[in-house]
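Now for the letters of each chain:
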Amino acid sequence: FLVSYMLATMKALGIPRASRRCFWAAAGFVVLGASVRFAFIYLLHLPEDYVYSDMASYVDSAGQIVAGQRGPQHLFHPVGYPLALALSLWLTGSFSVVVCAQYLMSVATFVLMWRGSVRFLREKGALLVLLVGALHFPFISLSGFFMAETAFGFFLALLFYLLAARGFPWNPGYAFAAGAVYMAAAWFKGNNALFGPILIGWVALWAWRRRARALPIP
């Protein structure tokens with residue numbers, strides 16, 4: 001099932017248009033990264049067995065939200081991840097939904113990094129990005145904890161893919177989608193606050209340079 005899922009995902013992204021050798025190399029790297037994460041999250045390092053420190057804070061906040069206890073302490077950190085944990089508790093009485101979501105997001109993160117890098121490195125060069133992302137241990141290990149970094153990394157990888165997939169300027173719908181992804185990342189982890197001003201500054205510089213080139217010479 002895992003291999004079939006990965007191959008179907010790659011086909012949906014249009015990857016079969018690449019050379020046959022690149023396709024099968026990429027398929028192997030994706031299946032390798034997905035399998036390693038599955039073994040780590042579900043067999044070796046279940047997040048439920050490592051609830052302490054920051055993880056315990058997230059879990060406690062989720063339990064309080066489900067119990068109807070709301071207070072300013074829930075806003076000391078971005079509320080997105082505690083809400084996701086609370087939703088899983090409310091739906092299933094456990095954190096199984098979040099564990100599954102973290103697995104899928106962890107896999108999607110390195111796949112999106114790879115596909116976004118194709119624009120700059122071409123298919124063969126991007127294979128190195130795929131291999132490094134698939135086996136990068138911090139990406140793997142964080143997915144085995146109840147922490148917001150896995151979702152945060154996924155949203156940043158998705159934003160990178162969107163920025164790489166279509167050049168600026170964007171139509172309003174595409175710009176809205178990119179902005180929604182950025183805001184979702186902020187809801188889960190607040191330390192990306194500078195990304196917005198940096199992007200706005202880049203767009204302003206692009207618009208200024210384009211306008212300067214369009215002005216007639218007196």
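That block above? That's the structure.
The sections below set out a description of the structure shown in this document. Bear in mind that the values here come from a model prediction, so they are computed numbers and not experimental data. (Residues numbered from 1 in each chain as written. Predicted model: local features only at pLDDT ≥ 70, side-chain atom pairs only at ≥ 80, totals over all residues. Heavy atoms only, no water.)

## What about the environment of Ala 180?
Our working definition: Working definition: helices are DSSP H or I runs of at least four residues, strands are E runs of at least two. Numbering for both runs from the N terminus.
Mapped onto the elements, Ala 180 comes out in helix α8 (residues 172-188). Along the primary structure Ala 180 and Phe 155 are separated by 25 residues, whereas in three dimensions their C-alpha atoms are 9.8 Å apart.

## Observations regarding helix α2 (residues 20-44)
Going by this rule: Given the number of residues in a helix, its expected span is that number minus one, multiplied by 1.5 Å. With a 1.4 Å probe rolled over the protein chains alone, any residue whose accessible area is under 20% of its type maximum counts as buried; one over 50% counts as exposed, and the rest are partly exposed.
In this model, α2 (25 residues) spans 34 Å end to end at C-alpha, consistent with the 36 Å of a helix rising 1.5 Å per residue. Taken together, the buried positions of α2 are occupied by Cys 22, Phe 23, Ala 26, Ala 27, Val 30, Val 31, Gly 33, Ala 34, Arg 37, Phe 40 and Ile 41.

## With respect to the nonpolar core
Put simply, the rule reads: Nonpolar cores are built from buried Ala, Val, Leu, Ile, Met, Phe, Trp, Tyr and Cys residues. Side-chain atoms within 4.5 Å join them into one set. Contacts were defined at the residue level, with two residues in contact if any of their heavy atoms lie within 4.5 Å.
Core analysis: the biggest nonpolar cluster contains 50 residues, and Tyr 81, Leu 85, Phe 110, Trp 114, Leu 130, Phe 146 and Phe 155 have the highest contact counts within it. Secondary-structure elements contributing two or more residues to this core are α2, α3 (53-66), α4 (80-92), α5 (96-135), α7 (149-165) and α8. Broken down by element, this core gets its largest block of residues, 14 residues, from α5. Once residues within four sequence positions are removed from consideration, Tyr 81 is found in contact with Tyr 58, Val 98, Gln 102, Phe 145, Phe 146, Met 147, Ala 148, Trp 187 and Phe 188.

## Some words on a nonpolar patch on the surface
Our working rule: Two distance rules govern patches: like charges are joined within 9 Å, and nonpolar side chains (Val, Leu, Ile, Met, Phe, Trp, Tyr) within 5 Å, applied only to residues with over 30% relative accessible area and no salt bridge. Throughout, the Shrake-Rupley method with a 1.4 Å probe supplies accessible areas, and for residues the shown protein chains are the sole cover considered. Any carboxyl oxygen of Asp or Glu within 4 Å of a side-chain nitrogen of Lys or Arg constitutes a salt bridge here.
Together, Val 66, Leu 87, Trp 90, Leu 91 and Val 97 make up a nonpolar patch on the protein surface, roughly 510 Å² of accessible area in all. Looking at which element gives the most residues to the nonpolar patch, the answer is α4, with three residues. Mapped onto the fold, Leu 87 is located in helix α4. Its relative accessible area of 45% is what places Leu 87 among the partly exposed residues.

## Re α8
Note the threshold: Working note: the arc is built from the helix axis to C-beta atom directions. Pairs of N or O atoms within 3.5 Å make up the polar contacts considered here, provided that, within protein, one atom can donate a hydrogen while the other can accept it, and that residues adjacent in sequence are counted only when both atoms are side-chain atoms.
With 17 residues, α8 should cover 24 Å at 1.5 Å per step; its first-to-last C-alpha distance of 25 Å lies within 8% of that length. What α8 keeps buried is the set Tyr 174, Ala 178, Val 181, Tyr 182, Ala 184, Ala 185 and Phe 188. All buried residues of α8 fall inside an arc of 155 degrees around its axis, so they share one side. Opposite the packed face of α8, turned more than 90 degrees from it, sit the exposed residues Pro 172, Phe 176 and Trp 187. N-capping of α8 is provided by Asn 171, with a side-chain oxygen placed 3.1 Å from the backbone N of Gly 173.

## Regarding the pattern of salt bridges
Here the idea is simple: oppositely charged side chains can pair when their charged atoms come close. In the structure shown here, the tally under the stated rule is two salt bridges. For Arg 115, the salt bridge is made with Glu 123, and the minimal N-O distance between the two is 3.3 Å. Judged by its relative accessible area of 13%, Arg 115 falls in the buried class. A residue is classified by how much of its surface remains accessible, and Glu 123, at 21% relative accessible area, is partly exposed. Taking the shortest distance from any N to any O, the salt bridge between Lys 189 and Glu 149 comes out at 2.9 Å.

## Let's talk about unusual backbone geometry
The bulk of non-glycine residues show a negative phi, and the bulk of peptide bonds are trans. Here the phi dihedral of Ser 53 falls at roughly 50 degrees; this positive angle occurs in a residue that is not glycine. Summarising the element assignment, Ser 53 is placed in helix α3. Backbone geometry places Arg 122, a non-glycine residue, at a positive phi of 65 degrees. When you line up the elements, Arg 122 lands in helix α5.

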